Amino acid sequence: VQLQASGGGLVQAGGSLRLSCAASGRTFSSYGMGWFRQAPGKEREFVAAVSWSGGGTYYADSVGGRFTISRDNAKNTVYLQMNSLKPEDTAVYYCAADGLHYSASYSTRVYEYDYWGQGTQVTVSS
C-alpha cells in the first residue's frame, strides 16, 4: 500500500488543522492505521491509532482530548483532526499502516508499522 499525507501548514496556537492520508491498494481497509510525528532533533513518536474498522482509537497522552483520528474505508483515507494546537505540536506528521490484516490490537511503535507516507509539516506559532 502507498500512503500520501497532506493538510499540514502554519497555524497559530489554539488553532486547528485536519491532516489526511490517502492510501492506494485494496488492502487498506484491513490494516490498522496510525499517525506519528517527528520534531527536529527528536525521535519519531506515536500520536494516534485507529483500528481497521474505525471502531477503535488510541491516543498518546500528549494529544488525548485535542486530536481525533478517523478513517473512511470507502475513500481509502485516514484523518487526523487537530484542535487546540500548541507550539510543541510542531513536527513533521507521518501516517502509517501496520500491515496486519484485521488486527484486534493497536500498534504504537514505529517498528510495528510496515508502510509509511512521506510526511507533512505542521508548524504552530505562539
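Note that the structure is predicted; figures quoted are calculated from it, not measured.

**What to know about the overall build of the protein**
Line of reasoning, step 1. Tallying secondary structure elements over the protein gives zero helices and eleven strands in all.
Line of reasoning, step 2. Counting from the amino terminus, helix and strand elements in the protein follow one another as β-β-β-β-β-β-β-β-β-β-β.
Line of reasoning, step 3. Among the 126 residues that make up the protein, the fraction classed as buried is 44%.
Line of reasoning, step 4. If you take every contact in the protein between residues at least 6 apart in sequence, the share linking residues at least 24 apart comes to 60%.
Line of reasoning, step 5. With an accessible surface of roughly 6,400 Å², the protein has 46% of that area assigned to carbon and sulfur atoms.
Line of reasoning, step 6. When the 10 basic and 9 acidic side-chain charges of the protein are each reduced to a single mean position, those positions are 6 Å apart.

**A short note on the sheet that holds strand β7 (residues 67–72)**
Hydrogen bonds between backbone groups are what pair the strands of a sheet, and the pairing can be parallel or antiparallel.
Line of reasoning, step 1. Spatially, the four strands line up as an open sheet ordered β1-β3-β8-β7, and their pairing is antiparallel. Each of the sheet's edge strands pairs with one partner strand only, and the pair in question is β1 (2–6) and β7. Ignoring which end each strand starts from, the neighbouring axes of this sheet average 15° apart.
Line of reasoning, step 2. Examined bridge by bridge, β1 and strand β3 (residues 17–24) share five bridges and lie antiparallel to one another. From the neighbouring strand, S6 faces β3, where its bridge partner is S20.

**Concerning empty space enclosed by the protein**
Line of reasoning, step 1. Taken as a whole and judged by the stated rule, the model has one cavity of 30 Å³ or more.
Line of reasoning, step 2. Lining the largest cavity we find G32, M33, A49, V50, S51, W52, D98, S103, S105, Y106, S107 and Y113.
Line of reasoning, step 3. Secondary structure elements with two or more residues in the lining of the largest cavity: β4 (31–38) and β5 (45–50).
Line of reasoning, step 4. The residue makeup of the lining of the largest cavity, split by class, is six nonpolar, five polar and one charged.

**Things to note about the pattern of salt bridges**
Line of reasoning, step 1. For the coordinates displayed, the defined rule picks out three salt bridges.
Line of reasoning, step 2. A salt bridge links D89 to R37; its shortest N-O distance comes to 2.9 Å. In this pair, D89 sits in the loop between β8 (77–82) and β9 (91–101) while R37 sits in strand β4, placing the two residues 52 residues apart along the sequence. Each member of the pair, D89 as well as R37, is classed as buried.
Line of reasoning, step 3. A salt bridge links D89 to R66, with the shortest nitrogen-to-oxygen separation between them at 2.7 Å. Of this pair, D89 sits in the loop between β8 and β9 while R66 sits in the loop between β6 (57–59) and β7, and the two are 23 residues apart along the sequence.
Line of reasoning, step 4. Assessed through its relative accessible area of 1%, D89 is described here as buried.

Calculation criteria
Residues numbered from 1 in each chain as written. Predicted model: local features only at pLDDT ≥ 70, side-chain atom pairs only at ≥ 80, totals over all residues. Heavy atoms only, no water. Helix = DSSP H or I, 4+ residues; strand = E, 2+ residues; numbered from the N terminus. Buried < 20%, exposed > 50% of the residue type's maximum accessible area, 1.4 Å probe, protein only. Contact = heavy atoms within 4.5 Å. Areas by Shrake-Rupley, 256 points an atom, 1.4 Å probe, with all protein chains shown as cover. Lys, Arg positive; Asp, Glu negative; His and termini not counted. Charge placed at Lys NZ, Arg CZ, Asp CG, Glu CD. Pairing = 2+ DSSP bridges. Axes fitted to C-alpha atoms, helices over the stretch in contact; angles between N-to-C directions. 1 Å grid on protein atoms, 1.4 Å probe; cavity = no way out; pocket = protein on both sides within 12 Å on 5 of 7 lines; lining within 4 Å. Points joined across faces, edges and corners; volume = space filled by probe spheres on them. Nonpolar A, V, L, I, M, F, W, Y, C, P; charged D, E, K, R; others polar. Salt bridge = Lys/Arg side-chain N within 4 Å of Asp/Glu carboxyl O.

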